Amino acid sequence: MTYVLLLAGFILLIKGADFFVDGSSSVARILRIPSVIIGLTIVAFGTSMPEASVSVTAALKGANELALSNVIGSNIFNLLVVTGVCAVIRPMAVTQSVMKKEFPFSILITAALLLMCMDQVFFGADSAVISKLNGLVLLLLFIVFLASTIRDSLKSRRESAEDDSPKTMSPLASILYILAGLAGIVLGGNLVVDSASEIARSFGLSQTFIGLTIVALGTSLPELVTSIVAAHKGENDIALGNVVGSNIFNILLILGASSALNPVLVSQDSVWDILILIASSILVYVFCLTKKTLNRVEGFIMLLAYAGFFAFITLR
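These notes cover the structure that comes with them. Bear in mind the structure is a predicted one, so any value in this text is a computation, not a measurement. (Residues numbered from 1 in each chain as written. Predicted model: local features only at pLDDT ≥ 70, side-chain atom pairs only at ≥ 80, totals over all residues. Heavy atoms only, no water.)

Next up on the list: the overall build of the chain. Along the backbone of the chain there are 13 helices and four strands. Burial statistics for the chain: of 316 residues in total, 50% are counted as buried. The contacts in the chain between residues at least 6 apart in sequence include a share of 85% that link residues at least 24 apart. Of the roughly 13800 Å² of accessible surface on the chain, 71% is carried by carbon and sulfur atoms. (Helix = DSSP H or I, 4+ residues; strand = E, 2+ residues; numbered from the N terminus. Buried < 20%, exposed > 50% of the residue type's maximum accessible area, 1.4 Å probe, protein only. Contact = heavy atoms within 4.5 Å. Areas by Shrake-Rupley, 256 points an atom, 1.4 Å probe, with all protein chains shown as cover.)

Three- or four-residue spacings in an α-helix give side chains the same orientation, since the helix completes a turn every 3.6 residues. With twelve residues, helix H10 (residues 221-232) extends 16 Å between its outermost C-alpha atoms, agreeing within 8% with the 16 Å of an ideal straight helix rising 1.5 Å per residue. Burial runs high along H10: ten of the twelve residues are buried. A positive phi of about 80° marks Gly 234, the residue just after H10. (Expected span 1.5 Å × (residues − 1).)

At a minimum axis distance of 9 Å, the contact between helix H5 (residues 96-116) and helix H12 (residues 268-291) shows a crossing angle of 165°. Judged by the angle between their axes, H5 and H12 are roughly antiparallel. As for the relative orientation of H5 and H12, their crossing is left-handed in sense. Residues Met 99, Phe 103, Pro 104, Ile 107, Thr 110, Ala 111, Leu 113 and Leu 114 of H5 form the contact with H12, whose own contacting residues are Val 271, Ile 274, Leu 275, Leu 277, Ile 278, Ser 281, Ile 282, Val 284, Tyr 285, Cys 288 and Leu 289. (Axes fitted to C-alpha atoms, helices over the stretch in contact; angles between N-to-C directions. Parallel < 35°, antiparallel > 145°, perpendicular 65-115°, else oblique. Left-handed = near helix turned anticlockwise from the far one by under 90°.)

Turning next to the nonpolar core. Ranked by internal contacts, the top residues of the largest apolar core, which has 76 residues, are Ile 72, Phe 103, Leu 113, Ile 130 and Leu 252. Residue contacts for Leu 252: discarding those within four places in its chain leaves Phe 105, Ile 109, Leu 138, Leu 139, Leu 141, Phe 142, Phe 145 and Ala 257. (Core = buried A, V, L, I, M, F, W, Y, C linked by side-chain atoms within 4.5 Å.)

A word on helix H13 (residues 296-315). Here H13 spans 29 Å end to end across 20 residues, near enough to the 28 Å set by a 1.5 Å rise per residue. What H13 keeps buried is the set Glu 298, Gly 299, Met 302, Tyr 306, Phe 309 and Ile 313. Within H13, the buried residues cover an arc of 105° as seen down the axis, which keeps them to one side. For H13, the exposed residues lying more than 90 degrees away from the buried face are Val 297, Leu 304 and Leu 315. Where H13 begins, the capping side chain belongs to Asn 295, and its oxygen is found 3.2 Å from the backbone nitrogen of Val 297. (Arc of directions from axis to C-beta. Polar contact = N/O pair within 3.5 Å; in protein donor to acceptor, adjacent residues only side chain to side chain.)

Position of Thr 149 among the secondary structure elements: in helix H7 (residues 132-159). With a relative accessible area of 1%, Thr 149 lands in the buried category. Considered as a pair, Thr 149 and Leu 40 are 109 residues apart in the sequence and their alpha carbons are 8.1 Å apart. Setting aside anything within four residues of it in sequence, one finds Thr 149 in contact with Ile 37, Thr 41 and Lys 101. Within polar-contact distance, the side chain of Thr 149 engages the backbone oxygen of Phe 145 at 2.9 Å.

Right under this line is the structure:
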C-alpha cells in the first residue's frame, strides 16, 4: 500500500504541476506580466508550500534543526538538480532581470544567513542559533523583496504594449487551474514524503539521514516537477524564476517564520551546508553569465555536483 501511495503522490505532483504552469502562464498573459515574475511569486510560493509545512511544523514542535536542514537541503537541490535537469531537457535562455536582481539577492541573503549562524565565531557563544530577532529581520527582507517584485510587475505592465498573445483560458479558469494544480502539488508532495520515509524506515535507514535527504528532496519535488513541465513547454522564464524565487521564499519567509516562532539551533554541519549552498549559487550564476544561457553540458556538471554533495552528506 505504501508503494501505491508513493505512485499516487507522483501522479498528483505531475498533473498538479501541469495545471499550475498552464494557469500561471495564462495569468501572466491576461495581466500582461512577464512569465518570470509569475515564476518568482505565484509559482515559487506554491511550490514552496511543502517546505513551509515541514519547517513551520518542526518549529512548533521544537524540532528546529529539521527546519534549517530542510531549507538548506531544498535550496541546494533546487539550484543543482532542478535547474540542472531543466537545462539537460532544453537549454535555458537566462532572463537578464533575474541575473541583475533576484539571483544576486538570493546569494546575498544566503551569505547573511551564514553570518547569523556564526555566533560562536563572533560572540564566543557555546552554540549558534538563528534567533527570533534574526527571524524578524528575514521576514522584513521578505516584505521588501515582495514589494519590489510587485512594483516591477506594475512597471512592466505599464510599459508593455497591447497584448497580442492568445489568452488560452478565461481568468476564472486560470485561477481554478492554479488552485487545482496547487492542491495536487501539496497533496502529492506530502504523499511522496510520507511514503518514501516509511519505505526508508523499513530498510533500516536512520531518522537523521531521512531528514537530511528524503525530507529535503521530497519537499523540493514540486519545484522539480513544475520546472521540468515548464521547461518542456518552453516556459523557461517560469522554470528559472521558480527556482530562484523558491530559494528566496525558503530562506526569508519559511526560515524567517520558523525562527521567529522558535529560535533555530545551528549545528556545525549546517554551517558547512550553507557554505556549499553559497558555492553552488556562485557556480550556477557564473554558468548563467558566460553565454547568457544554461546548456546541457552545464546541466550535467550541476547534476554531478549534487551527486558529490549527496555522497558527502551520506558519508558524514
